Amino acid sequence: MVDNRYATALVIACVLSILATVYLSVAIGTQHWYQYSSPTVRGEANVSELRSLYEEFMDGEFDEKTYSDTLFRLNGTVGLWWRCVLVPSNAHWNKEPDAKMVLECRSFTLPQQFTPKYKEPGNHNSGEDMLRTYLWRCQFLLPLVSLGLVVLAGLTGFCACLCRSLTPTLGIGVLHLLAGLCTLATVCCYLAGMDLLHRVSMLPDKVDGSLGWSLYLALISSPLHMMAAALLVWAARSHSQNYYRMTAYRVA
């Protein structure tokens, strides 16, 4: 028999865990982690330059400097798996000042996720920037590890329900704590990586960058996982202590 306090704690922990997992999954799959605000396209020369950047962005070879410059100039957004630019839907960019804007995206392929970063983006002779390289790889791997830990915790909890046992609850709480730490580390790695990128690739004039809602979703999911972990650990420890006290009382 499980005390009502422990049952309530387990239900709340399950709800928090589900919310955190949904938030993190949405954050991973969307591209609004960081977004740039660029000035309006003006003049034939400017239009030709931006169109060339856009075509290279969509069809050219993967190059950090090329896609970064395009993101800076075309109201780009970038996430863990996607990079997008905001462009006019019509073929003649400068003919209609109020043209409808559409978001054009390209995904980071798996090999691109592990491509080295260089001290001077686009210059392969400048040497590999180990810090930026590993920050990028960590921001890609850590959320997957976090989701994997939650899935493992869910499977363990399902087996515990079938066995009608609270014994694995402490381990499930630890798994949720690790998942929350991995998510928090993902956000930290992403922010550090973007800061280092902006130091080696200066933003053009009148271009501003800001954090997007996808990053905030990931940031929210971390404390939710940790709160679920705290409830699970509390329920496991308290139930264990009460069980031993009842056993000792009966023996006495």
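Residues numbered from 1 in each chain as written. Predicted model: local features only at pLDDT ≥ 70, side-chain atom pairs only at ≥ 80, totals over all residues. Heavy atoms only, no water.

## Digging into the overall build of the chain
For clarity, the cut-off: Secondary structure is summarised from DSSP: a helix means a run of H or I of at least four residues, a strand means a run of E of at least two, and numbering begins at the N terminus for each. Throughout, exposure labels follow a simple rule: accessible area from a 1.4 Å probe, protein chains only, divided by the maximum for the residue type, with under 20% read as buried, over 50% as exposed, and the rest as partly exposed. Contacts: residue pairs with any heavy atoms within 4.5 Å of one another. Accessibility throughout is a Shrake-Rupley quantity obtained with a 1.4 Å probe, and a residue counts as covered only by protein chains that appear here.
Across its full length, the chain holds seven helices and five strands. For the chain, the succession of helices and strands along the chain, N to C, is α-β-α-α-β-β-β-α-α-α-β-α. For the chain, the residues scored as buried account for 41% of the 252 residues in total. Pairs at least 24 residues apart make up 74% of the contacts formed inside the chain by residues separated by at least 6 positions. With the model as given, the accessible surface of the chain reaches about 13900 Å², and the carbon-plus-sulfur share is 63%.

## A short note on the state of the cysteines
Formally: Note that a disulfide, as used here, is simply two cysteine sulfur atoms within 2.5 Å.
One pass over the structure, following the stated rule, counts one disulfide. What pairs with Cys-84 in a disulfide is Cys-105, and their sulfur atoms sit 2.0 Å apart. Looking down the S-S bond of the Cys-84 and Cys-105 bridge, the torsion is 110°, so its handedness is right-handed. Residue Cys-84 is located in strand E3 (residues 82–88), and its partner Cys-105 is located in strand E4 (residues 101–107); the two are separated by 21 residues in the primary sequence.

## Quick look at the sheet that holds strand E1 (residues 34–37)
To keep things clear, this is the line we draw: A pair of strands counts as paired when DSSP detects no fewer than two bridges linking them. Interaxial angle, 0 to 180 degrees, is taken between N-to-C directions of lines fitted to C-alpha atoms, where a helix line uses only the stretch in contact.
The strand order across the open sheet built from five strands is E4-E3-E2-E1-E5, with neighbouring strands paired in antiparallel fashion. What marks the edges here is a single partner per strand, and that holds for E4 and strand E5 (208–211). The strands touched by helix H3 (residues 64–73) within the sheet are E1, strand E2 (77–78) and E3, with E3 carrying the most contacts at an inclination of about 45°. Those strands touched by helix H6 (residues 169–200) are E1, E2 and E5, and its axis lies near 35° from that of E1.

## As for the side chain of His-32
If you trace the backbone, His-32 turns up in the loop between helix H1 (4–29) and E1. Classification of His-32 by relative accessible area gives buried; the value is 17%. What His-32 contacts, discounting residues up to four positions off in sequence, is Thr-77, Val-78, Leu-103, Gly-212, Trp-213, Ser-214 and Leu-215.

## Description of the UniProt feature "transmembrane region" (unreviewed entry) in the chain
So the rule is basically this: UniProt positions are given in the numbering used here, feature names are shortened, and annotations may be inferred rather than shown by experiment.
Here, the residues flagged by UniProt with the feature "transmembrane region" (unreviewed entry) are residues 7–28, 140–163, 170–193 and 213–236. Taken end to end, residues 170–193 is 100% helix and 0% strand, and its two terminal C-alpha atoms sit 35 Å from one another. Taken end to end, residues 213–236 is 100% helix and 0% strand, and its two terminal C-alpha atoms sit 35 Å from one another.

## Description of a negative patch on the surface
Basically, it comes down to this: Every patch collects residues that have over 30% relative accessible area and no salt bridge, joining them within 9 Å if they carry like charges and within 5 Å if they are nonpolar side chains (Val, Leu, Ile, Met, Phe, Trp, Tyr). By convention in these notes, a salt bridge is any Lys or Arg side-chain nitrogen within 4 Å of a carboxyl oxygen on Asp or Glu. Lys and Arg are tallied as positive, Asp and Glu as negative. Neither His nor the chain termini are counted. Charge placement uses NZ in Lys and CZ in Arg. For Asp and Glu, CG and CD serve respectively.
On the surface, Glu-55, Glu-56, Asp-59 and Glu-61 cluster together into a patch of negative charge. For Glu-55, the position within the fold is in helix H2 (residues 44–59). Taking the relative accessible area as the measure of exposure, Glu-55 reaches 44% and is therefore partly exposed.

## As for the environment of Tyr-54
Of note, Tyr-54 is situated in helix H2. In this structure the C-alpha to C-alpha distance between Tyr-54 and Leu-71, which are 17 residues apart in sequence, comes to 9.2 Å.

## Structural notes on the pattern of salt bridges
The tally for this structure, following the rule as stated, stands at four salt bridges. Between Arg-199 and Asp-195 there is a salt bridge whose closest N-O contact spans 3.1 Å. In this pair, Arg-199 and Asp-195 are both assigned in helix H6, four residues apart and thus about one turn of the helix distant. Note on Asp-195: relative accessible area 37%, which makes it partly exposed. By sharing partners, the salt bridges in this structure join Glu-64, Asp-129 and Arg-132 into a single network.

## Description of the packing of aromatic side chains
Test applied: Ring pairs are drawn from Phe, Tyr and Trp, using the six-membered ring of Trp, whenever the two centres fall within 6.5 Å, and their geometry is named by plane angle: stacked under 30 degrees, edge-to-face over 60, tilted for the rest.
Taken as a whole and assessed by the stated rule, the structure comprises nine aromatic pairs. Measuring from ring centre to ring centre gives 6.2 Å for Phe-62 and Phe-108, while their planes differ by 85°; the resulting arrangement is edge-to-face. Taken as a pair, Phe-62 in the loop between H2 and H3 and Phe-108 in the loop between E4 and helix H4 (110–113) lie far apart in primary sequence, 46 residues in all. Given a relative accessible area of 1%, Phe-108 falls into the buried group. Pairwise contacts between aromatic rings join Phe-62, Tyr-67, Phe-108 and Trp-136 into one cluster.

## Brief notes about the environment of Thr-77
As for its position among the elements, Thr-77 is in strand E2. The buried category is assigned to Thr-77, whose relative accessible area is 6%. Along the primary structure Thr-77 and Trp-33 are separated by 44 residues, whereas in three dimensions their C-alpha atoms are 7.1 Å apart. Leave out the neighbours within four places in its chain, and Thr-77 touches Gln-31, His-32, Tyr-34, Gln-35, Leu-71, Trp-82, Arg-83 and Cys-84.

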